[in-house]
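# Per-entry structural report
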Amino acid sequence: MNKVIAIIGRPNTGKSTLFNRIIGKRQAIVHPTSGVTRDRNHGEAEWTGKKFFLIDTGGYVPDSDELFEKAINDQIKLAIEESDKIIFTVDTANGLHPIDKDIANLLRKFKGEKDIILVANKSDNNERDANATEFYSLGFDEPVSVSGLNGRNVADLLDMLTEDISETEEIPDERFKIAIVGRPNAGKSSLSNALLKEERNIVTDIPGTTRDSIDSVLKYYNEEIVLIDTAGLRKKSKIDKEESLEFFSTVRTYKAIQRCDIAIVVIDATLIMEQFRDTTNMKDAIFRLDRQDIRIIDEVVTLNKGILIVINKWDLIEKDSKTSEIVRKKIEDHLKSFGYLEIIFISALTKQRIHRVLESATSIYEERKKKIKTSELNEFLEQAKMYKQPPAVQGKDLKLNYVTQVKSAPPVFAFFCNEPKMIPENYKKYLENTFRKKFGFRGVPITFVYRKKN
């Protein structure tokens, strides 16, 4: 697991500017008004091949009665506890502040346990460097003078942050890895326990019981499968202290998705069926999946992982023989851009259709590793062009010459053509739909790249 580094400091010391500089993109909102960063920003950073996870926190204001500031303080305290290293930012432009001393007292409890790097931010010139000397009184090592705004000395800071992070890649775990993800209380831990056939994880009806991602190993046809049970993802609200306790669970969930082969997205059937409560004809009902479920699905697809949709708690639903197919059709219609998804209905509690979960996940895993011969791919391309020629764009005829598979797990296919930037999106979609009809890849995001033929 990557090192977790948190940026801590009082309001308006340039934490978000420094975060954006290290991450390499404008992700955190930067504004001179204090308190802008109320939620935490997080992302993976890389320096000279060494990766770490960076957390940007809101400005710490001790003993505040203001509701937002109280919540920010809760988040900061959790960030301190959960991180491996801490960037303690102070402001050379405005000098030592009483709140800096309060933060120093808070951090001093962790000296010896965590690496704490005092960063004198806004050191845009030599004069500001000289101002950094007053921060020696905080009782930490020599301040590192940087400017998050113009990047001055940030490389030196990154060298310090990554000096104990190994450059060599860890030996990859080649075992099949499944992450069980979804919103809180959808039944993820119950599903994990049902698959493991033991009470390995705590199961309650309280959302957020699973704070950590937990790896377990099960045997399936004599093959080892690593099962990653993760904390639930919750909706963001303007202010929610419980959410601050779940932030690092969210971080771990995303990291679990990053390292899995297949993600099982668990959705609560009882919440789905609430949409049909006031209708006598399910087929005519307006239906939408919850935005959080869609966000999780989108995250899995963005990371090019295999995906299996599991509708859990199906035993609690009043239904007839047609209900599951109506619900399936509603979900598929809502997720038209993900038309390759596999959907199954189960009850983790009663073990109803539980065997289908590993069967389907294993099938998707094999599909994701599948390799197609170049000759078969080009036969497909010729047939696709014969049925529907690439259109002319801006007076130019588009010519798709050949296609080859350049990667598997996840599968990537390269199409060589004369004008790759001019191929319309609708023709790309046509090629993908035709491709899937011929080659399958059920439950697997595929990537088509278009390159200019030399």
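Heads up: the structure comes first, above all this text.
Residues numbered from 1 in each chain as written. Predicted model: local features only at pLDDT ≥ 70, side-chain atom pairs only at ≥ 80, totals over all residues. Heavy atoms only, no water.

### Examining the packing of helix 1 (residues 15-23) against helix 5 (residues 154-162)
- It is at 11 Å that the axes of helix 1 and helix 5 come closest, and there the two elements cross at 75°. When the axes of helix 1 and helix 5 are compared, the pair comes out roughly perpendicular. For the pair formed by helix 1 and helix 5, the contact residues are Leu18, Arg21 and Ile22 on the first element and Val154, Leu157 and Leu158 on the second.
- Of the residues that constitute the contact of helix 1 with helix 5, the class distribution is five nonpolar, no polar and one charged. (Axes fitted to C-alpha atoms, helices over the stretch in contact; angles between N-to-C directions. Helix = DSSP H or I, 4+ residues; strand = E, 2+ residues; numbered from the N terminus. Parallel < 35°, antiparallel > 145°, perpendicular 65-115°, else oblique. Contact = heavy atoms within 4.5 Å. Nonpolar A, V, L, I, M, F, W, Y, C, P; charged D, E, K, R; others polar.)

### Details of helix 13 (residues 425-439)
- An ideal rise of 1.5 Å per residue puts 21 Å on 15 residues; helix 13 measures up with 21 Å between its terminal C-alpha atoms.
- Of the residues making up helix 13, those classed as buried are Tyr427, Tyr430, Leu431, Glu432, Phe435, Arg436 and Phe439.
- Among the structural elements, helix 11 (355-369), helix 12 (374-387), strand 15 (400-407), strand 16 (412-417) and strand 17 (447-452) are those in contact with the buried residues of helix 13. (Expected span 1.5 Å × (residues − 1). Buried < 20%, exposed > 50% of the residue type's maximum accessible area, 1.4 Å probe, protein only.)

### Some details on the sheet that holds strand 15
- Read across the open sheet, the three strands follow the order 15-16-17; overall the sheet is mixed. In this open sheet, the two strands that pair with only one neighbour each are strand 15 and strand 17. Looking at each pair of strands side by side, their axes are set apart by 25° on average, direction ignored.
- Across six bridges, strand 15 lies against strand 16 in antiparallel orientation. Bridging across to strand 16, Lys407 finds its partner in Val412.
- Running at roughly 140° to strand 15, helix 12 makes contact with strand 15 and strand 16 of the sheet.
- Contacts from helix 13 reach strand 15, strand 16 and strand 17, with the element oriented near 125° to strand 17. (Pairing = 2+ DSSP bridges.)

### Some details on the pairing of strand 3 (residues 50-56)
- Among the seven residues that make up strand 3, six are buried, leaving the element largely enclosed by the rest of the structure.
- Relative to strand 3, strand 1 (residues 3-9) is paired through five bridges, and the arrangement is parallel. The partner of Ile7 across the bridge, within strand 3, is Asp56.

### Details of the pairing of strand 4 (residues 85-91)
- For strand 4, the buried fraction is high: seven of the seven residues fall into the buried class.
- Neither face of strand 4 is open: one carries Lys85, Ile87, Thr89 and Asp91, the other Ile86, Phe88 and Val90, and all of them are buried.
- Bridging between strand 1 and strand 4 involves five bridges; their strand directions are parallel. Opposite Ile7, over in strand 4, you have Ile87 as the bridge partner.
- Summarising the sheet, strand 4 and strand 5 (residues 115-121) pair through seven bridges and their orientation is parallel. Residue pairing across strands places Asp91 opposite Asn121, the latter belonging to strand 5.
- Following the chain from strand 4 across helix 3 (residues 98-108) to the adjacent parallel strand 5, one finds a crossover that is right-handed. (Right-handed = clockwise from strand over helix to strand, strands pointing away.)

### Looking at the nonpolar core
- In this structure, Leu191, Phe415 and Leu431 are the most contacted members of the largest nonpolar core, which totals 50 residues.
- Setting aside chain neighbours within four positions, we find Leu431 in contact with Phe380, Leu381, Ala384, Leu400, Phe415, Phe448 and Tyr450.
- Residues Met273, Ile311, Trp314 and Ile317 belong to the second largest nonpolar core, which totals 37 residues. (Core = buried A, V, L, I, M, F, W, Y, C linked by side-chain atoms within 4.5 Å.)

### A word on the environment of Lys407
- Structurally, Lys407 can be placed in strand 15.
- Classification of Lys407 as partly exposed rests on a relative accessible area of 45%.
- The sequence separation of Lys407 and Thr447 amounts to 40 residues, and the corresponding C-alpha distance is 9.6 Å.

### A word on the pattern of salt bridges
- The final tally for this structure, using the stated rule, is 20 salt bridges.
- Here Arg183 makes a salt bridge to Asp290, at a shortest N to O gap of 3.5 Å. Pair noted here: Arg183 is in the loop between strand 7 (176-182) and helix 6 (188-196) and Asp290 is in the loop between helix 8 (269-273) and helix 9 (291-302), with a separation of 107 residues, a long-range link. Both residues of the pair, Arg183 and Asp290, count as buried.
- The shortest N-O distance in the salt bridge between Glu419 and Lys396 comes to 3.6 Å. You can see Glu419 sitting in the loop between strand 16 and helix 13 and its partner Lys396 sitting in strand 14 (residues 396-397), a full 23 residues away along the chain.
- By relative accessible area, which is 42% here, Lys396 ends up partly exposed.
- By sharing partners, the salt bridges in this structure join Arg10, Asp91, Asp100 and Lys122 into a single network. (Salt bridge = Lys/Arg side-chain N within 4 Å of Asp/Glu carboxyl O.)

Take it as geometry only, folks, not as evidence of what the structure does.
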